[in-house]
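Listed below are the residues making up each chain.
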Amino acid sequence: MNISFYILSESKAQDILGFICQLTQTALNKSAQSLLILIDKDDELLSTLDEALWSYDAASFIPHQRLLHATISEPKDASKPVQDNSEPLAPVLLSSYMPADFKGIVLNTTIHPVNRFMAATNNAQPTRVLELIKPDPESTQEGRHKYKAYQQLGYELTHFKV
């Protein structure tokens, strides 16, 4: 698996949503694979990113869907449609977890390495991971932690200053 670290400049970090949209569009243009944007369980960021993907380009939008993680304690309601995660409806998925059998590109916005999400699901084998590192000490430290974790697993690592 190839892991690409994007070391963000101050200006890119200030417009992180714009950069995520730009990187998402670039990934879609270069690959026919699905793209999963992993987000910590942060409803505000999820909603903001959802809105940004709809309005990124004035002439179009980035087709996407939010994956909701149903809990076991919730009773099934026959009147509500069940979301089938086995066949995504959109090329871009927004989620706080990795769906079973996922085989595309992951844009990781969380503080955890992607292999942690892979261990919590069935047969997920991302082909590529995009990691964003903001220019602050906390993000830099998290990036170093992820880099070491991926390096120990033998993944191919690259980095870009943007």
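Refer to the structure printed above.
Residues numbered from 1 in each chain as written. Predicted model: local features only at pLDDT ≥ 70, side-chain atom pairs only at ≥ 80, totals over all residues. Heavy atoms only, no water.

K.L.:
Which residues make up the overall build of the chain, and what are the values?
P.N.:
Broken down by element type, the chain carries 5 helices and 7 strands. Ordered by position from the N terminus, the helices and strands of the chain form the series β-α-α-β-α-β-β-β-α-β-α-β. Split into buried and exposed, the 162 residues of the chain put 39% on the buried side. Once local pairs closer than 6 in sequence are excluded, the contacts in the chain between residues at least 24 apart make up 68%. By element, 52% of the accessible surface of the chain is carried by carbon and sulfur atoms, the whole surface being about 9,700 Å². (Helix = DSSP H or I, 4+ residues; strand = E, 2+ residues; numbered from the N terminus. Buried < 20%, exposed > 50% of the residue type's maximum accessible area, 1.4 Å probe, protein only. Contact = heavy atoms within 4.5 Å. Areas by Shrake-Rupley, 256 points an atom, 1.4 Å probe, with all protein chains shown as cover.)

K.L.:
Describe in detail the side chain of Asn 108, supporting the description with residues and values.
P.N.:
Its location among the elements puts Asn 108 in strand 5 (residues 105-108). Residue Asn 108 is classed as buried on the basis of its relative accessible area, which comes to 0%. Look past the residues within four positions of Asn 108 in its chain and what remains in contact with it is Leu 38, Pro 113, Val 114, Phe 117, Val 129, Leu 130, Glu 131, Leu 132, Lys 146 and Tyr 150.

K.L.:
Go over the pattern of salt bridges with me, naming the residues and quoting the values.
P.N.:
Summed over all chains, the structure comprises 2 salt bridges. Here Arg 66 makes a salt bridge to Asp 50, at a shortest N to O gap of 3.4 Å. Taken together, the positions of Arg 66 in strand 3 (residues 64-66) and Asp 50 in helix 3 (residues 43-55) put the pair 16 residues apart, joining distant regions of the chain. Measuring nitrogen to oxygen at the nearest pair gives 2.6 Å for the salt bridge that ties Lys 146 to Glu 131. (Salt bridge = Lys/Arg side-chain N within 4 Å of Asp/Glu carboxyl O.)

K.L.:
I'd like to hear about the packing of aromatic side chains, residue by residue, with values.
P.N.:
Per the stated rule, a full pass over the model turns up 5 aromatic pairs. For the pair Tyr 150 and Tyr 155, a centre-to-centre distance of 6.0 Å together with 50° between the ring planes defines the contact as tilted. Taken as a pair, Tyr 150 and Tyr 155 share a single burial class, namely buried. Through a chain of ring-to-ring contacts, three or more aromatic side chains come together here, namely Phe 5, Tyr 147, Tyr 150 and Tyr 155. (Phe/Tyr/Trp six-rings, centres within 6.5 Å; stacked < 30°, edge-to-face > 60°.)

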